[in-house]
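# What the coordinates show
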There are 2 protein chains.
Amino acid sequence: MYIPTLEDMRTARARVTPHIHVTPVLTSRMLDEVSGAELFFKCENFQKAGAFKARGASNAVFGLSDEQAARGVATHSSGNHGTCLSYAAKQRGIPCTVVMPHTAPQAKKDAVMGYGGRVVECEPSTSSREAVFAEVVAETGAEFVHPYNDHRVIAGQATCSAELIEQVDGLDAVIAPIGGGGMVSGTCLTLSGLAPQIKIYAAEPEQADDAYRSFKAGHIIADDAPNTVADGLKVPLKDLTWHFVQKHVTDILTVSEEEIVEAMKLIWRRLKIVMEPSSAVPLATILKNPKIFTGKRVGVIVTGGNVDLDKLPWN
Amino acid sequence: MYIPTLEDMRTARARVTPHIHVTPVLTSRMLDEVSGAELFFKCENFQKAGAFKARGASNAVFGLSDEQAARGVATHSSGNHGTCLSYAAKQRGIPCTVVMPHTAPQAKKDAVMGYGGRVVECEPSTSSREAVFAEVVAETGAEFVHPYNDHRVIAGQATCSAELIEQVDGLDAVIAPIGGGGMVSGTCLTLSGLAPQIKIYAAEPEQADDAYRSFKAGHIIADDAPNTVADGLKVPLKDLTWHFVQKHVTDILTVSEEEIVEAMKLIWRRLKIVMEPSSAVPLATILKNPKIFTGKRVGVIVTGGNVDLDKLPWN
């Protein structure tokens, strides 16, 4: 297992700069009043393809040799990673195949295809996904880019907090949602090296609290079938992300579904930005834990903005 | 009738700077592709109190003498002007009264009261509103700040396009939604003086097309009871805004309700920002009129972001 380093993050940053946005940091006096903290929202919902995953995907795609690249990239994901890998592949002009269950929302398939990617459908089971994915790789020779348990992806996500600490001075903490742990690992990579005084918190839905339970137990626990409105956070930790989480995260905190939806509406109303339920988990966590966050300067990673407007969680 | 000048706009700008945001300009490669134009979205949805009207309201409030200010300000508005006047009054620490029909949404009343303003209810008729408003002024001696037909308000709104032309070079056109004409008049004031080569378009719902019909007829025509999802645009032109509209606007273009809602979803999905139906009218107009806008660099005023998340027009 190769552990990506600060040097990998710096290489990633130079590599992805032409293909991603330096996203803005937004603040709200009202949200500061409500939380008692100073909050700095790092808006990856404004990122290319609508999510921070454009960073990791771009780093993986543009790090390939020409020979590798010609065979394309492939992944399995019914979320932002598939869309972002398709985006990055389009930028390089190479093929991209995304395996997803036929039950995935049409909007997710359309998003992949909108950037020129190919969608290959499987049954909604791990065994079918793995079988279909193996076929795709055998046929194409495509390079597998895992959604998070991949050192190239983590080094790419790590560029986000490198920007953040240049944009905001004197942060006491950074908080990000945790699913598979790609963003949290990238945050750990950068901050442990460049700003070790900044505490790192991971925020997780109670109903998909495998990372929380893993953290408390000291080993990876995977949920059987987590169900949460924060649909980007259902996936489990893997060995590489677990390495960063257990080593550098100060704490993992959980919130209820209701708290997530309330925080999401609060951000939409006050920051006037469209973001995913997953991205509201950190604010919900901050509001729930004033003893930890009151008086602190806190960076809040808004991970993405790809939400189905026809199925908002409060309707 | 006093016609505000560029000098008034400059005075306003210096006066309101401490109380408003210089709002960002957002772009989207995808929206440029869809429209065939280069679009620069001036995001007043990120403005203080969530709408450009914070500019005009702040200019009116901070232009008062101490003696006038002590008696407070008053207006009738069930929209953003009431909220923004309350915001500005709070910044100066003076009383603000907003008369609105008892039928107005509770959220609008809460928004005014959230900044410390007082809401006085009337019946939902012009006669009741005028009678109740006259009582308020008689009681308090408050200064009336009209939502748009007021030279101080127009000079304040004019600061928006002054920022825009500093933020974006070489604009061919600016397009803004038109209701009472405050934003359009401010745009005319600034651009006719500082950048007369930039064409000014006003965008209006077909179902509230009084400005369109006035423009074509050459005199003000008021609708009887317009009904549109773009609820900020139901009010008619008045003499001062009509002066600017008939003198400086290149054309007024109209769009259907369906086109407005589609454009609104497109902006939410692609720009990832929360904005009002009224603010989608310009993009709908651009998409409907490729002959006018293709190949042009167009500034698009996103007027506000105060939308009821529980009553989105596509649900």
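Reading the values: rules and limits
In every chain, residue numbers begin from 1 and rise along the written sequence. Labels are handed out in written order, letters beginning with A for the chains and numbers beginning with 1 for the ligands. Local features in this predicted model are restricted to residues whose pLDDT is 70 or higher, and side-chain atom pairs enter the listing and the counts only when it is 80 or higher, whereas totals over whole chains, interfaces and linings include all residues. To get the side-chain values, take all heavy atoms of the structure and skip hydrogens and water. For helices, the fitted line uses only the C-alpha atoms of the stretch in contact; every axis is such a line through C-alpha atoms, and the angle between N-to-C directions lies from 0 to 180 degrees. Helix and strand assignments come from DSSP, with helices taken as H or I runs of at least 4 residues and strands as E runs of at least 2, each series counted from the N terminus. Convention used here: angles under 35 degrees read as roughly parallel, angles over 145 as roughly antiparallel, angles from 65 to 115 as roughly perpendicular, and any remaining angle as oblique. The sense of a crossing depends on the near helix, which, turned anticlockwise from the far helix by less than a right angle, makes the crossing left-handed and, turned clockwise, makes it right-handed. Note on contacts: a residue pair qualifies if any of its non-hydrogen atoms lie within 4.5 Å across the two residues. Three classes are used: nonpolar for Ala, Val, Leu, Ile, Met, Phe, Trp, Tyr, Cys and Pro, charged for Asp, Glu, Lys and Arg, and polar for all others, with Gly counted as polar. A least-squares superposition brings the copies together, and it is based on the C-alpha atoms of residues with pLDDT no lower than 70 in both. In the sections that follow, a salt bridge refers to a side-chain nitrogen of Lys or Arg positioned within 4 Å of a carboxyl oxygen of Asp or Glu. Using a 1.4 Å probe on the protein chains alone, a residue whose accessible area is under 20% of its type maximum counts as buried, one over 50% counts as exposed, and one in between counts as partly exposed. Here, a strand pair is defined by DSSP locating no fewer than two bridges between the strands. A right-handed crossover is one whose linking path, passing over the helix from the first strand to the second, runs clockwise when the strands point away from the viewer. UniProt positions are given in the numbering used here, feature names are shortened, and annotations may be inferred rather than shown by experiment. Domain start and end points were adopted from an automatic or database domain assignment. Defined here as a combined quantity, buried area equals the accessible surface (1.4 Å probe) lost by two parts on assembly, summed across both. Two cysteine sulfurs form what is called a disulfide whenever their separation falls within 2.5 Å.

Before going further, it helps to spend a moment on the packing of helix α1 (residues 6–16) of chain A against helix α9 (residues 182–194) of chain A. Residues and elements named next belong to chain A. Where α1 contacts α9, the axes come no closer than 9 Å and their chain directions differ by 115 degrees. The angle between α1 and α9 places the two elements in the roughly perpendicular class. Of the two elements, α1 crosses α9, and the hand of that crossing is left-handed. Within the contact between the two elements, α1 uses L6, M9 and R10 and α9 uses L189, T190, G193 and L194. Taken together, the residues of the contact of α1 with α9 break down into four nonpolar, two polar and one charged.

Before going further, it helps to examine the relation of the copies chain A and chain B. Superposition record for chain A on chain B: RMSD 0.0 Å, screw rotation 180 degrees, translation along axis 0.0 Å. Such values leave the two copies arranged in the relation of a two-fold axis. When C-alpha positions in chain A are compared against the rotation axis, the closest is assigned to I273 of chain A, at 2.1 Å. Same-surface contact between copies: 100% of interface residues of chain A are shared with the interface of chain B.

Scanning all chains against the criterion turns up 34 salt bridges over all chains. In this structure, the salt-bridge partner of K288 of chain A is E259 of chain A, at a minimum N-O distance of 3.1 Å. With K288 of chain A in helix α13 (residues 277–288) and E259 of chain A in helix α12 (residues 257–271), this pair connects stretches of sequence that are 29 residues apart. R152 of chain B is the salt-bridge partner of E143 of chain B, the closest N and O atoms lying 3.0 Å from each other. Salt bridges sharing common partners tie together K42, E44, R55 and E163 of chain A.

For the rest of this paragraph, the subject is the pairing of strand β4 (residues 96–101) of chain A. Residues and elements named next belong to chain A. By the criterion of burial, β4 is predominantly enclosed, with five of the six residues buried. Note: strand β3 (residues 73–76) against β4, four bridges, orientation parallel. Residue pairing for β4: A74 is matched across the bridge by T97. In the classification by handedness, the crossover that spans β3, the intervening helix α5 (residues 80–92) and the parallel β4 is right-handed. Inspection of the sheet shows β4 paired to strand β5 (residues 118–122) by five bridges, in the parallel sense. The partner of T97 across the bridge, within β5, is R118. Following the backbone out of β4, through helix α6 (residues 106–114) and into the adjacent parallel β5, one traces a crossover that is right-handed.

Let's shift gears to the sheet that holds strand β7 (residues 173–177) of chain A. All names here are of chain A. On the basis of which strands lie adjacent, the open sheet formed by six strands has the order β1-β2-β10-β7-β8-β9 and mixed pairing. Each edge of the open sheet is held by one strand with a lone partner, namely β1 (25–26) and β9 (251–255). Alignment of β7 against strand β8 (residues 199–205), held across five bridges, turns out to be parallel. When the sheet's bridge partners are listed, A176 is paired in β8 with A202.

The UniProt feature table records "domain: Tryptophan synthase beta chain-like PALP" (unreviewed entry) at residues 16–304 of chain A. For the annotated span residues 16–304 of chain A, helix accounts for 48% and strand for 17% of the residues, and the straight-line distance between the end C-alpha atoms is 18 Å.

All names here are of chain A. According to the domain assignment, chain A contains domain 1 (6–51 + 150–311) and domain 2 (54–144). When each unit is reduced to the centre of its C-alpha atoms, the spacing between domain 1 and domain 2 is 24 Å. Opposite the 24 residues of domain 1 that make contact, domain 2 presents 18 residues. Where domain 1 abuts domain 2, roughly 1,700 Å² becomes buried across the two surfaces, and 52% of that area is made up of carbon and sulfur atoms.

Here the focus is the state of the cysteines. In total, this model carries zero disulfides over all chains according to the counting rule given. Considering cysteine sulfurs only, C160 of chain A is the nearest to C188 of chain A, which forms no disulfide, with 13 Å between them. Its relative accessible area of 0% is what places C188 of chain A among the buried residues. No disulfide involves C160 of chain B; its nearest neighbouring cysteine sulfur is the one of C43 of chain B, lying 10.0 Å away.

Contacts between chain A and chain B engage 22 residues on the former and 22 residues on the latter. For the chain A and chain B pair, buried surface summed over both sides reaches about 1,800 Å², with 49% attributable to carbon and sulfur atoms. Our enumeration of links across chain A and chain B arrives at four salt bridges. Between R269 of chain A and D310 of chain B there is a salt bridge; the shortest N-O distance is 4.0 Å. When residues of the side of chain A that touches chain B are assigned to their parent elements, the largest contribution, five residues, is made by α12 of chain A. Split by residue class, the side of chain A that touches chain B holds nine nonpolar, six polar and seven charged.

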